[in-house]
Amino acid sequence: MALRTEELLLNMGPQHPSTHGVLRLVVTLDGENIVDIQPDIGYLHSSVEKMMEYRTYLQNVALTDRGMDYLTALANEEGYLLAVEKLGGIEVPPRATWLRTIMLEFQRISSHLVWLGTWGIDLGATTVFLYCFRERERILDLFEQATGGRLHHVYFRPGGVYEDLPAGWTDRALEFCDEFPSHIQEYDDLLTGNPIFLARTQGVGILPRDVAIDMGASGPVARASGIPFDVRKAFPYEAYGQVEFDVPVLTDGDCYARYMVRMEEMRQSTRIIQQAIEHLPAGEIRSKVQVTVKLPRGETYARTESPRGDLGVYLVSTGDDMPYRVKIRAPSFSNLFALIEMMRGWKVADVIAILGSVDIVLSDVDR
Amino acid sequence: MSTGTPPPHPVPSTILPLEKAVDVLDQLPGGGLILTKIEYMLNWGRAASLWPLTFGLACCAIEMMAAFAGRFDLDRIGVIPRATPRQADLMIVAGRCSIKMAPIVRRLWEQMPEPKYVLSMGSCATCGGPFYYDNYSILKGIDQVVPVDVYVPGCPPRPEALIEGILKLQDKIKVEPFLRRPIAAKA
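Summarised in this report is the structure supplied together with it. (Residues numbered from 1 in each chain as written. Chains lettered and ligands numbered in written order. Predicted model: local features only at pLDDT ≥ 70, side-chain atom pairs only at ≥ 80, totals over all residues. Heavy atoms only, no water.)

**Some words on the sheet that holds strand S2 (residues 24-30) of chain A**
Residues and elements named next belong to chain A.
Thought 1: Spatial strand order, S1-S2-S3: 3 strands in an open sheet with antiparallel pairing. Each edge of the open sheet is held by one strand with a lone partner, namely strand S1 (8-12) and strand S3 (33-40). Across the sheet, the mean angle from the axis of one strand to that of its neighbour is 20 degrees, orientation sign disregarded.
Thought 2: Inspection of the sheet shows S2 paired to S3 by 7 bridges, in the antiparallel sense. Considered in S3, the bridge of Leu25 is made with Pro39. (Pairing = 2+ DSSP bridges. Helix = DSSP H or I, 4+ residues; strand = E, 2+ residues; numbered from the N terminus. Axes fitted to C-alpha atoms, helices over the stretch in contact; angles between N-to-C directions.)

**Comments concerning the sheet that holds strand S7 (residues 309-317) of chain A**
Residue and element names in this part refer to chain A.
Thought 1: Pairing is antiparallel across the open sheet formed by 3 strands, whose spatial order is S6-S7-S8. Strands at the two margins of the open sheet, each flanked by one partner only, are strand S6 (298-306) and strand S8 (325-329). Direction aside, the axes of adjacent strands within the sheet are offset by 15 degrees on average.
Thought 2: Of the pairings in the sheet, the one linking S7 to S8 comprises 5 bridges and is antiparallel in character. From the neighbouring strand, Gly312 faces S8, where its bridge partner is Arg329.
Thought 3: Set on the sheet, helix H3 (residues 73-88) makes contact with S6 and S7; between it and S6 the angle comes to about 150 degrees. (Contact = heavy atoms within 4.5 Å.)

**Considerations on the pattern of salt bridges**
Thought 1: In this structure the tally under the stated criterion is 39 salt bridges over all chains.
Thought 2: Each of Glu105(A), Arg108(A), Arg223(A), Asp230(A), Arg232(A), Glu265(A) and Glu305(A) takes part in one network of salt bridges that share partners. (Salt bridge = Lys/Arg side-chain N within 4 Å of Asp/Glu carboxyl O.)

**Some points on the packing of helix H4 (residues 94-122) of chain A against helix H6 (residues 169-192) of chain A**
When two helices pack together, their arrangement is given by the angle between their axes and by how far apart the axes lie.
Residue and element names in this part refer to chain A.
Thought 1: Two elements in contact, H4 and H6, have axes separated by 13 Å at closest approach and are oriented at 25 degrees. What the angle tells us is that H4 and H6 run roughly parallel. With respect to the hand of their crossing, H4 and H6 are arranged in left-handed fashion. Every residue of H6 that contacts H4 at Ile102, Met103, Phe106, Ile109, Leu113 and Leu116 is listed here: Trp169, Ala173, Phe176, Cys177, Phe180, Tyr187 and Leu191.
Thought 2: Per-class residue counts for the contact of H4 with H6 are 13 nonpolar, no polar and no charged. (Parallel < 35°, antiparallel > 145°, perpendicular 65-115°, else oblique. Left-handed = near helix turned anticlockwise from the far one by under 90°. Nonpolar A, V, L, I, M, F, W, Y, C, P; charged D, E, K, R; others polar.)

Any functional reading would require information that these geometric values do not contain.
See the structure below:
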């Protein structure tokens, strides 16, 4: 007599220490193997797109920090302000574009450090978390000295940035950039050659190139699957056209490739910051823009490379001092649904490793 | 006719006579007797080992993680994160709570064993914060769902502010009538 078997529905989240926020995953299991996985989102829906329609263009900057991806506040401001400046034809002085570039790359490093630390905890390597947050605190110190905020900066304004750098800031930033590659080496020593880490990541959660394109994956997830696309190279904004950096691309598409891509991105960000500080011109930091700036009637789409991928903002204006409609194309949202393809066929224990390697932020998914 | 074993030999008391106890205590560092209320001692122990639930909702959770990490190090005041509500006695509501999430927060609170405390971290958990106006999805304050003991303002509060909030909660626990309170749940 055959043993009766049936599929098991496993509910993971929304409160789970490894879902990086309030994600609920409904996993269909056949024994230990994942048959299907269905993300249930919306637990952090903040209706931020609707709120933006009732606030002026300047007030919305503060809202993009909080309502969108909260780990990369400056990247959100950049995406939104690029759209505003494009539609309004607002000039940004050269010093401000270089300042923005520096800040965006620091934001990329700090975001990747949070990802690495929390993923380390998920995989049982708690030490990495403490190391990553040690360096991240130094970046937050730099942010605090320049912008006044640790997490939510509201530093970019229509037509420039809020304030110039304080005295000695560039020296401290350069000092950090000189030291940082040796810290990346420390993370490498802890993880890259670790046999437990390799066993849990190498060859796990493969996202093939064509599937990645179909699902609209972007950022490090797409680049680990062999798609050599980076908005900073393809459609340069701010000062990215004037600095030298490489875009790491790997073809394996597994968790380990995504890890290696992000590690290399941190090294490249350090390079960009060093060049930007070297080239930092003197002059104005903000062009003359009214506080209640009114944009002409029309619509526009601006795209930037946030640490999680391709962040797009679609903006419609009716000539008022508030936007008529803002649509945010969130990178985490597309990457989350590429997750379904990655997880099919793997064991239930790999859910954590694969989910962590995609690096989603639920605030970005739900908005 | 019973053949049971004889009653056991009475065990000599292990409690020392008072004069000898004083001798032993004098050998302790600092020496001397400690006389206190049981309630005070229990509260002292409870306040120094608050175990929060690792439960992050939004941005404030990142600052909460920073508070657990090296520089601020909440471990040194006895705050060790727990992954399950069954082992936790403090719930740090870190971040905005949507209306879809509210029943789950309530259920997590109900799953925690008594005595339990709630710390509302940040403006969003306290009153809705920047999501108060023109918003259809965010709960205007977590105290509509669970009883809150300490509010920490800020958007997001710095890790120092969170530590201050936890110290305030410890002060509150230390003067609680723990043994004299009614058994029934608070809310």
